[in-house]
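Here is how the chains run, residue by residue.
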Amino acid sequence: MDFYLDSANLDEICSVSWFPIRGVTTNPTIVAKENRPFLSLMEELIDLKLPQIHAQVLADTTEEMVEEAKMLIRLSPGTIIPKIPVTPAGIHAIWRLAQDGYKITATGVFTVGQGLAAAKSGAQYIAPYINRIDQTGQSGVSMACELKAALETYNLPATILAASVKTLYQLKGLIEGGIQGITVQADFLNQVVYHPLTEQAVEGFTQDWLKTFALRTLDAPVKSRGKE
Ligand code: G3P
């Protein structure tokens, strides 16, 4: 499973440099939060040298989506993967761009049908919104797994990049389903690896070490013992 950060915030992205993310994903809401010119923000994201940046178009007509997608790709070919929402205009734009060999992420996916339509149109990545689907009373994880099965059934080469993943339970379901990628917020990565029993175990190791050694270093001398 590849992990991405759903963020355009440089500090936030750098704060998880301890984890091997495959890249970042953005959308107009995420970019607007940064409150600065889009192109200079993109330049700084590109300078981070992450393998992938999934950046969303803003337009809502096919023609303009295609133009925006090509403009985004030109900023850093091979790194930028345009995200296009699965509206009818978006599906048409994905189809046109895929025919020209461009990799596209289909976003805003709430149903298996939308995901399948995007994959049939040639999208490389499909982004179902897991938590937002849960909020409709359906299961986002089940939908993502059904979509993965449908892609396999029809031999479609698209892979799933699950978005709007908010809970460890959702993550567990996505892992069990073999979902290929997820995009999350920085705090979530901390939640993924944090466990109080891990902290307790590490603390126990340290305390036990210090009963015998004078320092917490592997080359520390053994403590001198008093007369027995
Ligand atoms: O990448 C899609 C994502 O930004 C939607 O997630 O957190 O707004 O539900 P969220």
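Only a predicted model underlies this, so the values are computations on that prediction, with no experimental measurement involved. (Residues numbered from 1 in each chain as written. Predicted model: local features only at pLDDT ≥ 70, side-chain atom pairs only at ≥ 80, totals over all residues. Heavy atoms only, no water.)

## Digging into the environment of Met1
Within the element layout of this structure, Met1 appears in the segment before strand E1 (2–6). The sequence separation of Met1 and Thr167 amounts to 166 residues, and the corresponding C-alpha distance is 16 Å. Residues in contact with Met1, not counting those within four places in the same chain, are Leu171, Leu174, Ile175, Ile179, Gln180, Gly181 and Ile182. (Helix = DSSP H or I, 4+ residues; strand = E, 2+ residues; numbered from the N terminus. Contact = heavy atoms within 4.5 Å.)

## A look at helix H3 (residues 38–47)
Restricting attention to buried positions, one finds in H3 the residues Leu41, Met42, Leu45 and Ile46. End-on view of H3: buried residues confined to an arc of 140°, all on one side of the axis. In H3, the exposed positions that point more than 90 degrees away from the buried face belong to Glu43 and Asp47. Buried residues belonging to H3 abut helix H1 (10–15), helix H2 (28–34), strand E3 (52–56), helix H4 (62–75) and strand E4 (80–85). Phi turns positive, to about 60°, at Lys49, one or two residues after H3. (Buried < 20%, exposed > 50% of the residue type's maximum accessible area, 1.4 Å probe, protein only. Arc of directions from axis to C-beta.)

## Brief notes about the nonpolar core
If you look at the biggest cluster of nonpolar residues, it comprises 58 residues, and the most contacted ones within it are Ile84, Ile126 and Leu174. With 5 residues, helix H8 (residues 140–153) is the largest single contributor of residues to this core. Dropping the residues within four chain positions of it, Ile126 is found in contact with Ala106, Val109, Gly115, Ala118, Ala119, Leu147, Ala158, Thr159, Ile160 and Leu161. (Core = buried A, V, L, I, M, F, W, Y, C linked by side-chain atoms within 4.5 Å.)

## Some thoughts on the sheet that holds strand E7 (residues 159–162)
With parallel pairing, the 8 strands of this closed barrel are ordered in space as E1-E2-E3-E4-E5-E6-E7-E8. Neighbour to neighbour, the strand axes of the sheet diverge by 30° on average, direction disregarded. By the bridge criterion, 3 bridges tie E1 to strand E2 (residues 23–25) in an arrangement that is parallel. Within E2, the residue paired with Leu5 across the bridge is Val24. Relative to the sheet, helix H5 (residues 88–99) contacts E4 and strand E5 (105–109), its axis offset from that of E4 by approximately 150°. (Pairing = 2+ DSSP bridges. Axes fitted to C-alpha atoms, helices over the stretch in contact; angles between N-to-C directions.)

## Re the site of the ligand
Every residue close to the ligand is listed here: Asp6, Asn27, Ile30, Lys83, Tyr129, Arg132, Ala163, Ser164 and Lys166. Between the ligand and the protein, one listed contact pairs an oxygen atom with a side-chain N or O atom of Ser164 at 2.8 Å. Here an oxygen atom of the ligand and a side-chain polar atom of Lys166 are 2.5 Å apart. Out of a free accessible area of 300 Å², the ligand has 86% covered by protein chains. Considered class by class, the residues forming the shell around the ligand number 3 nonpolar, 2 polar and 4 charged. (Near = heavy atom within 4 Å. Polar contact = N/O pair within 3.5 Å; in protein donor to acceptor, adjacent residues only side chain to side chain. Areas by Shrake-Rupley, 256 points an atom, 1.4 Å probe, with all protein chains shown as cover. Nonpolar A, V, L, I, M, F, W, Y, C, P; charged D, E, K, R; others polar.)

## Considerations on the environment of Gln56
Following the sequence through the fold, Gln56 ends up in strand E3. Between the alpha carbons of Gln56 and Thr25 there is a distance of 8.2 Å; along the sequence they are 31 residues apart. Leaving out residues up to four positions away in the same chain, Gln56 has contacts with Thr26, Asn27, Pro28, Leu72, Lys83, Pro85 and Thr107.

## Digging into the packing of aromatic side chains
Counting across every chain of the model gives 4 aromatic pairs. Here Trp18 and Phe19 contribute two aromatic rings whose centre-to-centre distance is 5.6 Å and whose plane-to-plane angle is 80°, an arrangement assigned as edge-to-face. Trp18 gets classed as partly exposed once you look at its relative accessible area, which sits at 42%. The interplanar angle of 25° and the centroid separation of 3.9 Å between the aromatic rings of Trp209 and Phe213 together place this pair among those described as stacked. Through a chain of ring-to-ring contacts, the aromatic side chains of Phe3, Trp18 and Phe19 assemble into a single cluster. (Phe/Tyr/Trp six-rings, centres within 6.5 Å; stacked < 30°, edge-to-face > 60°.)

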